[in-house]
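# Per-entry structural report
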Amino acid sequence: MKRNTIGIALAICLLAAFPVRAADGAYEAYSQGDYATALRLWLPMAERNDPEAQYRLGAMYFNGQGVAIDEAQGLKWLRKAADQGYANAQFSLAVRYANGKGVTRDGARAASWFRKAADQGHVKAQYNLALIYYNGSGVPKDEGQAIAWGRKAADQGYAKAQNNLGIMYYNGEGVPKDEKQALSWFRKSADQGFASAQYNVGVAYDEGKGVPVDDVEAVVWYRKAAEQGDAGAQYSLGTMYDDGAGVPEDDAQAVTWYYAAAEQGLADAQFALGNMFADGKGVAQDDVEAAVWFRKAAEQGHPDADNNLGVLYRRNLHRPGLFIR
């Protein structure tokens, strides 16, 4: 089962939508790209301790909108809003501490600010707090807390959190192992179009994890993820065409999907593509091209790639220099 890479989200959502207050018109000006007017209206509000105005003023300094980029001024206004309990500002400040952007990287402070925003129901803060507890970044590793905060975000419909919660059920991390629960969460996320979850649903049907084996359904979900560029799904879809599982056997289609995944650096796909060139399946037989892909896979530690390279060299001893590029 594919494990979604768990790490701190890098994006700071400084431009999240807020209810428009008719009295100021600043948001309307901002949304129309009239930053000078937005700045003129928000600045006095920020100076009167309006937290939304402070937050937005900080964003303008960070992004150089109507003003020169000024990290110090951006942080000043962002911190003022965060200190007043403004959840989006707390989240943004947490992300900056997590990534060391404009401040010294500090996992403990990042966790503290994520917690403040998460306690107010900020879904991305809940998600990131779950990741922090899972990884033990700035707090002691605690799978129970990771589950608790991940579930809060998942219950709000956040697709990444739903997928990660499925992974934890699948692996029995912080909860009893439960493949049916895992699939339930993967499906919720996949139905929102999240590629990693679509891949995981495909694996569940492919391997009979929490559901009866169904190759046709596996292909459906692999294809959804593969078309979004998920390398694992592209490789798996290639294997389904290679084996004729859930689809008619089609070597050319197998090569197409193996190549897509191999180009993204997936060692299994590079190895499979090498085999297709070595055997002339779906492509013209080409030992030189096969060696290129076996070598790429071998460099990543694929256990069989070196052996296949050796086979190619031995059968081409009469062609010295063939593999030199």
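Calculation rules
Residues numbered from 1 in each chain as written. Predicted model: local features only at pLDDT ≥ 70, side-chain atom pairs only at ≥ 80, totals over all residues. Heavy atoms only, no water. Helix = DSSP H or I, 4+ residues; strand = E, 2+ residues; numbered from the N terminus. Rg over C-alpha atoms; globule rule 2.2 N^0.38 Å. Buried < 20%, exposed > 50% of the residue type's maximum accessible area, 1.4 Å probe, protein only. Areas by Shrake-Rupley, 256 points an atom, 1.4 Å probe, with all protein chains shown as cover. Lys, Arg positive; Asp, Glu negative; His and termini not counted. Charge placed at Lys NZ, Arg CZ, Asp CG, Glu CD. Axes fitted to C-alpha atoms, helices over the stretch in contact; angles between N-to-C directions. Parallel < 35°, antiparallel > 145°, perpendicular 65-115°, else oblique. Left-handed = near helix turned anticlockwise from the far one by under 90°. Contact = heavy atoms within 4.5 Å. Nonpolar A, V, L, I, M, F, W, Y, C, P; charged D, E, K, R; others polar. Phe/Tyr/Trp six-rings, centres within 6.5 Å; stacked < 30°, edge-to-face > 60°. Lys NZ or Arg CZ within 6 Å of the ring centre and 35° of its normal. Expected span 1.5 Å × (residues − 1). Polar contact = N/O pair within 3.5 Å; in protein donor to acceptor, adjacent residues only side chain to side chain. Salt bridge = Lys/Arg side-chain N within 4 Å of Asp/Glu carboxyl O.

Turning next to the overall build of the protein chain. Scanning the protein chain from N- to C-terminus turns up 17 helices and zero strands. The C-alpha atoms of the protein chain give a radius of gyration of 25 Å, which is well past the 20 Å a tight globule of 325 residues would have. In terms of principal-axis extent, the alpha carbons of the protein chain reach across some 80 × 45 × 35 Å. In the protein chain, which comprises 325 residues, the proportion classed as buried is 49%. Roughly 14,800 Å² of accessible area belongs to the protein chain as shown, and the carbon and sulfur atoms make up 48% of that amount. Where the 34 positive side-chain charges of the protein chain centre and where its 39 negative ones centre are 8 Å apart.

Below, the discussion takes up the packing of helix α13 (residues 231-243) against helix α14 (residues 251-263). To describe two helices that pack against each other, one gives the angle between their axes and the distance between the axes. The N-to-C vectors of α13 and α14 enclose an angle of 160°; their axes lie 8 Å apart at closest approach. The angle between α13 and α14 places the two elements in the roughly antiparallel class. In the packing of α13 onto α14, the handedness of the crossing is left-handed. For the pair formed by α13 and α14, the contact residues are A231, Q234, Y235, L237, G238, T239, Y241 and D242 on the first element and D251, Q253, A254, W257, Y258, A260 and A261 on the second. Grouping the amino acids of the contact of α13 with α14 by side-chain chemistry returns nine nonpolar, four polar and two charged.

Our focus in this paragraph is the packing of aromatic side chains. What the rule picks out here adds up to nine aromatic pairs. Taken together, a centroid distance of 5.8 Å and an interplanar angle of 35° make the contact between Y235 and Y258 tilted. Residue Y235 is found in helix α13, and its partner Y258 is found in helix α14; the two are separated by 23 residues along the sequence. Taking relative accessible area as the criterion, Y258 reaches 3% and is therefore assigned buried. Between Y259 and W293, the ring centres sit 5.9 Å apart and the planes meet at 75°, which makes this aromatic pair edge-to-face. With Y259 in helix α14 and W293 in helix α16 (residues 287-299), this residue pair connects regions lying 34 residues apart in the sequence. The partly exposed category is assigned to Y259, whose relative accessible area is 40%. Using a relative accessible area of 4% as the deciding quantity, one classes W293 as buried. Aromatic ring contacts, followed pair by pair, group Y30, Y35 and W42 into a single cluster. Its end group placed over the ring of W113, K116 keeps NZ or CZ at 5.5 Å from the ring centre.

For helix α6 (residues 107-118), built from twelve residues, the straight-helix expectation of 16 Å at 1.5 Å per residue is met to within 8% by its first-to-last C-alpha distance of 16 Å. Buried residues of α6: A110, A111, W113, F114, A117 and A118, and no others. In this structure, the buried residues of α6 make contact with α4 (71-83), α5 (87-99), α7 (123-135) and α8 (143-155). At the N-terminal end of α6, a side-chain oxygen is found 3.1 Å from the backbone nitrogen of A108, two or three residues along, and the residue is D106.

A positive phi is found at N49, a non-glycine position, where the angle reads about 70°. Tracing the backbone through its elements, the reader meets N49 in the loop between α2 (35-47) and α3 (51-63).

Attention now goes to the pattern of salt bridges. The full count for this structure, using the stated rule, is seven salt bridges. With its nearest N and O atoms 3.7 Å apart, the salt bridge here joins D106 to R109. Residues R115 and D119 are paired through a salt bridge, measuring 3.2 Å at the closest nitrogen-oxygen approach. Relative accessible area serves as the criterion here: at 34%, R115 is assigned to the partly exposed category.

The subject of this paragraph is the environment of F114. Residue position: F114 is located in helix α6. Placed 164 residues apart in sequence, F114 and A278 show a C-alpha to C-alpha distance of 52 Å. The residues contacting F114, other than those within four sequence positions of it, are F91, A94, V95, A98, A125, N128, L129 and I132.

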